[in-house]
Amino acid sequence: MARRGALSRRGLLMGAGALALAGGASPAVAQSAKQPFSVWVAEFRAKARARGITDAVYDRVTRGLQPDLSVYAKDRAQPEFREELWQYLNRRISEWRLITGRAAAKENASLLKRLKADYGVEPDVLLGLWGMESAFGELVTDPDHMHPVFPSLAALAWGERRRRRYWETEYLNALAIVQRGWGKPEGMLGSWAGAMGHTQWMPEVWLNLGVDYDGNGYPSPYSVADALAGSSRYLIKRGSYQRGLPWGFEVTMQGVDDKYADARRWRTVADWAKLGVRPAGGGRFAYPKARARLWAPVGTDGPCFLLTQNFYAVRSYNPSMNYALAVCHLGDRVLGGGDFVTPFPGGERALTLAEVQEVQRRLTRIGLDTGGVDGRVGNMTMGAVATFQRRMGVKPDGYAGLDVLAALRKAH
């Protein structure tokens, strides 16, 4: 989710307490415990006016507006499942996502070529972001994932105590988008936190980094061209993306002191080679003068990487090393790259598309809703898997792996 700075979506509010907010109760968790939502809306008008929002726009947005109280529990619950890194990557770089991504890359080849020429951002990075944020557009209007953003942002601006100022600002930014005529309240669909479109812009990003790349007169995250152009601009402005530089390299560290693999020290690739770091696939390093950090995410027995500034540009989109690695690896795989040379200790292969569909069919037969039999492991499938694991007496991690498939085949 593109956002200003490194804000996390982890929150403070308890879902049960949030449900009491509509009546103005639970002062321990509400910023406005003595202030019902309708009163807050009326008083917040002054802040909107100070921002330049007209009364007509404010009335249009707030008429009949009710806060989405589910956002508090979602904020508190992130992330819902704890995954090993190999599980995290397998789920996001699935056969379904690769098939979908390759079709998207082919369909948008000329657009990606033009974006590279104009911004210098490589197609693999943009495809990785697009795939991670909205499954190449599949989730942009999916009612299981995206909802009108004003009820969410209003709830957070009204009742999220710790980051009140941030959410108030994003609510005002969303109002400004409507005032500019860039979006209609009912058409601004996004995640529970207000991130919208193909590459999940927060309102602040839409306002300040949006690009009208399709030439229709205004920027929109719901346009593929605008979304990828705006995210290119984000990577450059907020992440210091460098033209012509790969995100990094998989390496081996045989004989290299483990203390170096902490992703803290910048050295040139050539200097890392002098310390004994080698390309995982053999041969010589390209870009010997590029500055990089050495990272062993699961220890030196697993895949290790030299990371350039462009990896950290991707990480500026979401402050997670695992997220950035998944984006970069997904983009590589979509464009025909192979899996990591070094396997993850204790890891296993990802299920094939047909195997995921089999898991979903078998779960559905026993009354567990996976949201469909499409071969894509989303939150509903993970929840169904976790429920099945509990029934089997296994610690639930929600991961649809080989053991879950075998157990379903045996049980049914």
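The coordinates are above.
Residues numbered from 1 in each chain as written. Predicted model: local features only at pLDDT ≥ 70, side-chain atom pairs only at ≥ 80, totals over all residues. Heavy atoms only, no water.

Peer 1: I keep staring at the overall build of the protein and nothing clicks. Help me out?
Peer 2: Counting its secondary structure elements, the protein contains 18 helices and 7 strands. Taken against the 2.2 N^0.38 rule, which gives 22 Å for 412 residues, the C-alpha radius of gyration of the protein at 23 Å falls within 12% of a compact globule. C-alpha atoms of the protein, sized along the principal axes, occupy 65 × 55 × 40 Å. Residues counted as buried form 55% of the 412 residues belonging to the protein. A fraction of 69% describes how many contacts in the protein between residues 6 or more apart in sequence connect residues 24 or more apart. (Helix = DSSP H or I, 4+ residues; strand = E, 2+ residues; numbered from the N terminus. Rg over C-alpha atoms; globule rule 2.2 N^0.38 Å. Buried < 20%, exposed > 50% of the residue type's maximum accessible area, 1.4 Å probe, protein only. Contact = heavy atoms within 4.5 Å.)

Peer 1: What is the right way to read the layout of surface pockets from this model?
Peer 2: One way to see where empty space is left: roll a probe the size of a water molecule over the atoms. When its volume is computed, the second largest pocket comes out at roughly 410 Å³. In this structure, the second largest pocket is lined by 20 residues; those nearest its centre are Asn90, Asp339, Glu348, Arg349 and Ala350. Per-element accounting of the lining of the second largest pocket gives the leading share, 3 residues, to helix α5 (residues 85-92). Split by residue class, the lining of the second largest pocket holds 9 nonpolar, 6 polar and 5 charged. (1 Å grid on protein atoms, 1.4 Å probe; cavity = no way out; pocket = protein on both sides within 12 Å on 5 of 7 lines; lining within 4 Å. Points joined across faces, edges and corners; volume = space filled by probe spheres on them. Nonpolar A, V, L, I, M, F, W, Y, C, P; charged D, E, K, R; others polar.)

Peer 1: Even after reading the chapter, I still don't get the packing of aromatic side chains, so can you show me in this structure?
Peer 2: Aromatic ring pairs are described here by two measures, namely the spacing of the ring centres and the angle between the planes. Following the criterion strictly, the structure yields 23 aromatic pairs and no others. Seen in terms of ring centroids, Tyr119 and Tyr213 are 6.2 Å apart; in terms of plane orientation they differ by 45 degrees. Their pairing is tilted. Linking Tyr119 in helix α7 (residues 109-119) with Tyr213 in the loop between α11 (203-209) and α12 (224-239), this pair joins segments that are 94 residues apart in sequence. Both residues of the pair, Tyr119 and Tyr213, count as buried. (Phe/Tyr/Trp six-rings, centres within 6.5 Å; stacked < 30°, edge-to-face > 60°.)

Peer 1: Looking at this model, I keep getting lost on helix α6 (residues 95-107). Mind explaining?
Peer 2: Think of an α-helix as 3.6 residues a turn; residues three or four steps apart then line up on the same face. For α6, with 13 residues, the first-to-last C-alpha span of 18 Å sits near the 18 Å given by 1.5 Å per residue. Looking at α6, one finds that the buried residues are Trp96, Arg97, Leu98, Thr100, Gly101, Ala104 and Ala105. In this structure, the buried residues of α6 make contact with α5, α7, α8 (123-134), α15 (321-334) and α16 (353-365). (Expected span 1.5 Å × (residues − 1).)

Peer 1: Just to check I follow, could you spell out the pattern of salt bridges for this structure?
Peer 2: Pairing of side chains with opposite charge becomes possible as their charged atoms draw close. Summed over the entire model, instances satisfying the criterion amount to 14 salt bridges. Taking the shortest distance from any N to any O, the salt bridge between Asp59 and Arg45 comes out at 2.6 Å. Highlighted residues: Asp59 in helix α3 (residues 55-62) and Arg45 in helix α2 (residues 37-51), separated in sequence by 14 residues. Counted as one network, the salt bridges with shared partners bring together Arg45, Arg49, Asp55 and Asp59. (Salt bridge = Lys/Arg side-chain N within 4 Å of Asp/Glu carboxyl O.)

Peer 1: I'm lost on the environment of Lys106 in this one. Help?
Peer 2: Of note, Lys106 is situated in helix α6. As a C-alpha pair, Lys106 and Met321 span 215 residues in sequence and 28 Å in three-dimensional space.

Peer 1: Sorry if this is basic, but what is going on with the sheet that holds strand β5 (residues 278-279) here?
Peer 2: Strands pair in a sheet through their backbones, by hydrogen bonds, and they do so in one of two ways: parallel or antiparallel. Taken in spatial order, the 5 strands make up an open sheet running β4-β6-β7-β3-β5, and their pairing is antiparallel. At either margin of the open sheet sits one strand with a lone partner, and together these are β4 (267-268) and β5. Both β4 and strand β6 (residues 291-295) contribute to a ladder of 2 bridges, which runs antiparallel. Counted as the bridge partner of Thr268 is Arg291 from β6. (Pairing = 2+ DSSP bridges.)

Peer 1: Any chance you could explain empty space enclosed by the protein here in plain terms?
Peer 2: Counting across every chain of the model gives 1 cavity of 30 Å³ or more. Taken as a whole, the largest cavity spans an internal volume of roughly 90 Å³. In this structure, the largest cavity is lined by Asn90, Arg91, Ser94, Ala350, Leu351, Val356, Val377, Tyr399 and Ala400. A class-by-class count of the residues in the lining of the largest cavity yields 6 nonpolar, 2 polar and 1 charged.

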